[in-house]
Amino acid sequence: MSWNERQRAMLEAMGLKLWTPVVVEAPLIESDVAVAEAPAPPAPPAPPRVVAAPARPPIAAPAPARAVAPVTAAAAVDAALAQARGVARETIARLDWPGLRDEVAACRACSLCESRKNTVFGVGNERAHWMVVGEAPGEQEDLQGEPFVGAAGKLLDSMLRAVGLSRGEGTPERQVYIANTLKCRPPRNRNPDPSELAQCEPFLQRQIELIQPRIILAMGRFAVQQLLRSQEPIGKLRGRVHRYQGVPLVVTYHPAYLLRNLPDKARAWEDLCLALKTLEESPPRDESAAPGATPSTAGTD
Ligand code: SF4
């Protein structure tokens with residue numbers, strides 16, 4: 001190998017002595033083959049000379065690496081979401097409630113379909129003014145096919161009742177619709193994978209389009225970070241009003257977390273009050289607009 005002027009200068013600057021082979025007829029070793037850049041032109045036959053195998057030269061500074069764009073988690077999410085949009089989202093965005101339910105029940109778009117017992121679609125009034133968005137089904141949700149059951153579900157019901165809301169009774173103003181960002185349970189309740197969340201999000205987006213809630217209460221880190229395209233912790237995102245698909249969104253803790261961290265219940269109460277105040281100050285919904293009549297390109301704003 002011969003060094004160009006720049007490489008020579010770099011080697012000398014690094015204190016490395018240049019080694020200049022006189023004659024090299026030693027057979028290539030495997031690693032040499034691996035780094036060979038191009039077959040050398042056929043050399044004129046030379047009389048065989050026996051020389052001692054030279055010591056390997058100092059390793060030169062590596063050639064500049066090809067620039068590769070860093071693949072961030074956000075980029076992976078956007079790529080998966082784009083794929084979902086390109087392949088299935090357009091279909092999902094036109095579905096009515098029965099079609100959407102069927103599509104979720106049959107979905108095998110990510111590996112979570114392998115281990116689920118049931119898909120967990122959502123529950124509540126399909127014209128509710130409030131929408132609660134959680135993270136992913138747990139064991140009981142997977143078994144029963146309903147979100148927020150068990151101890152966390154009971155706490156959520158108590159929280160809702162405290163501001164006059166219910167998942168099962170009342171007018172749309174007083175009822176909530178509850179759904180998760182993931183419709184299938186991750187095995188052993190592991191953390192959701194960003195690509196799974198992105199793959200599943202078009203279902204939630206369509207639910208929101210159909211319901212047209214006036215306020216969204218997002219519960220838990222994975223739901224919040226997915227909806228807001230943020231890596232910030234809940235503690236930094238709560239206390240102010242965000243938007244998702246144009247709908248005001250308030251961030252709060254997941255009831256399962258609150259069961260283990262009782263002091264944060266006071267903060268969750270503040271979040272509920274913020275959601276209530278935001279809804280009271282927002283303009284009334286146009287009830288004449290047929291739900292889901294105009295599929296839109298959904299996303300955060
Ligand atoms: S988690 Fe969502 S995207 Fe994955 S299989 Fe279930 S419904 Fe489909």
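Here's what I pulled together on the structure shown here. These numbers come from a predicted model, not from an experiment.

Another point: the pairing of strand β3 (residues 176-180). Burial analysis of β3 places five of its five residues in the buried class, the great majority of the element. Side chains Val176, Ile178 and Asn180 of β3 all project onto a buried face; the interleaved residues Tyr177 and Ala179 project onto the opposite face, where all are buried too. Judged from the two bridges that link them, strand β1 (residues 123-124) and β3 form a sheet pairing that is antiparallel. Considered in β3, the bridge of Val123 is made with Ile178. By the bridge criterion, five bridges tie strand β2 (residues 130-134) to β3 in an arrangement that is parallel.

Here the focus is the packing of helix α4 (residues 97-106) against helix α7 (residues 194-211). Running from amino to carboxyl end, α4 crosses α7 at an angle of 165 degrees, the nearest separation of the two axes being 11 Å. Taken together, α4 and α7 sit at an angle that is classed as roughly antiparallel. Pair α4 / α7 crosses with left-handed handedness. From α4, Trp97, Leu100, Glu103 and Val104 reach across to α7, where they touch Phe203, Arg206, Gln207, Leu210 and Ile211. Residues that form the contact of α4 with α7 fall into these classes: six nonpolar, one polar and two charged.

The computed volume of the second largest pocket comes to approximately 640 Å³. Taken together, 28 residues line the second largest pocket, and the ones lying closest to its centre are Glu135, Ala136, His254, Ala256 and Arg260. For the lining of the second largest pocket, the secondary structure elements donating two or more residues are α5 (139-144), α6 (150-162), α8 (221-228) and α10 (255-260). Of all the elements, α10 adds the most residues to the lining of the second largest pocket, at four residues. Grouping the constituent residues of the lining of the second largest pocket by class yields 14 nonpolar, eight polar and six charged.

Turning our eyes to something else, we now look at empty space enclosed by the protein. With the rule as written, the count across this model stands at one cavity of 30 Å³ or more. Approximately 100 Å³ is the volume found for the largest cavity. In terms of lining, the largest cavity is formed by 14 residues, of which the most central are Cys107, Cys110, Arg116, Cys184 and Cys200. Its residues placed into classes, the lining of the largest cavity shows ten nonpolar, one polar and three charged.

A few words now on the site of the ligand. Close to the ligand lie Cys107, Ala109, Cys110, Leu112, Cys113, Arg116, Leu182, Lys183, Cys184, Gln199, Cys200 and Phe203. In this structure, the ligand is accommodated by the largest cavity.

A separate point is the pattern of salt bridges. Inspection of every chain in the model, using the stated rule, returns 14 salt bridges. What emerges from the salt-bridge pattern is a single network uniting Arg89, Arg206 and Glu209.

The end-to-end C-alpha distance of helix α11 (residues 265-281) is 24 Å, a good match for the 24 Å that 17 residues give at a rise of 1.5 Å each. Turning to α11, its buried residues number three or more, namely Ala268, Asp271, Leu272, Leu274, Ala275, Thr278 and Leu279. The arc enclosing the buried residues of α11, seen along the axis, measures out at 160 degrees, which places them on a common side. In this structure, α11 carries Glu280 and Glu281 as exposed residues pointing more than 90 degrees from its buried face. Where α11 is buried, its residues touch β2, α6, β4 (215-219), β5 (241-244), β6 (247-252) and α10.

Scoring rules and cut-offs
- Residues numbered from 1 in each chain as written.
- Predicted model: local features only at pLDDT ≥ 70, side-chain atom pairs only at ≥ 80, totals over all residues.
- Heavy atoms only, no water.
- Buried < 20%, exposed > 50% of the residue type's maximum accessible area, 1.4 Å probe, protein only.
- Helix = DSSP H or I, 4+ residues; strand = E, 2+ residues; numbered from the N terminus.
- Pairing = 2+ DSSP bridges.
- Axes fitted to C-alpha atoms, helices over the stretch in contact; angles between N-to-C directions.
- Parallel < 35°, antiparallel > 145°, perpendicular 65-115°, else oblique.
- Left-handed = near helix turned anticlockwise from the far one by under 90°.
- Contact = heavy atoms within 4.5 Å.
- Nonpolar A, V, L, I, M, F, W, Y, C, P; charged D, E, K, R; others polar.
- 1 Å grid on protein atoms, 1.4 Å probe; cavity = no way out; pocket = protein on both sides within 12 Å on 5 of 7 lines; lining within 4 Å.
- Points joined across faces, edges and corners; volume = space filled by probe spheres on them.
- Near = heavy atom within 4 Å.
- Sits in = over half its atoms within 2 Å of the grid points.
- Salt bridge = Lys/Arg side-chain N within 4 Å of Asp/Glu carboxyl O.
- Expected span 1.5 Å × (residues − 1).
- Arc of directions from axis to C-beta.

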